[in-house]
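Take a look at the letters that make up each chain.
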Amino acid sequence: MDHIQCTSCNKQIVPRLWHYRRWFLPSLHHMRTQFLCPFCGVVFYERGGKLTGTGKFVLGFIALCLVYMFLGLFASIRH
């Protein structure tokens, strides 16, 4: 198994994986994975967590509603 050197404690380690989802609307994001040092707990990097297809649709719908509301607001100010 390949080992890497921890930048914090300088030990040769095999990173531990920590999987988690966001607590707010977890079905809109993919699961995130953190790569941790098992001795000192430093996070080397994190993968995942991007929006799912449903999340992109919901975000696009909210953006469309906001644009529609602002256009209505500007139209009512001009008249």
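Structure: above.
Residues numbered from 1 in each chain as written. Predicted model: local features only at pLDDT ≥ 70, side-chain atom pairs only at ≥ 80, totals over all residues. Heavy atoms only, no water.

Thoughts on the sheet that holds strand E5 (residues 43–48)
Each strand in a sheet pairs with its neighbour through backbone hydrogen bonds, running either in the same direction (parallel) or in the opposite one (antiparallel).
Here comes step 1: Spatially, the three strands line up as an open sheet ordered E3-E4-E5, and their pairing is antiparallel. In the strand order of this sheet, the two ends are held by strand E3 (16–20) and E5, each with one partner. The average undirected angle you get between the axes of adjacent strands in this sheet is 20 degrees.
Here comes step 2: Bridge count for E3 against strand E4 (residues 32–36) is five bridges, and the pairing is antiparallel. Within the sheet, the bridge partner assigned to Trp 18 lies in E4 and is Gln 34. (Pairing = 2+ DSSP bridges. Helix = DSSP H or I, 4+ residues; strand = E, 2+ residues; numbered from the N terminus. Axes fitted to C-alpha atoms, helices over the stretch in contact; angles between N-to-C directions.)

What about the pattern of salt bridges?
Here comes step 1: According to the stated counting rule, one finds one salt bridge in the structure shown.
Here comes step 2: A salt bridge links Arg 32 to Glu 46, with the shortest nitrogen-to-oxygen separation between them at 2.8 Å. Taken together, the residues span a long stretch of sequence, with Arg 32 in strand E4 and Glu 46 in strand E5 at a distance of 14 residues.
Here comes step 3: Looking at Glu 46, the relative accessible area reads 34%, which means it is partly exposed. (Salt bridge = Lys/Arg side-chain N within 4 Å of Asp/Glu carboxyl O. Buried < 20%, exposed > 50% of the residue type's maximum accessible area, 1.4 Å probe, protein only.)

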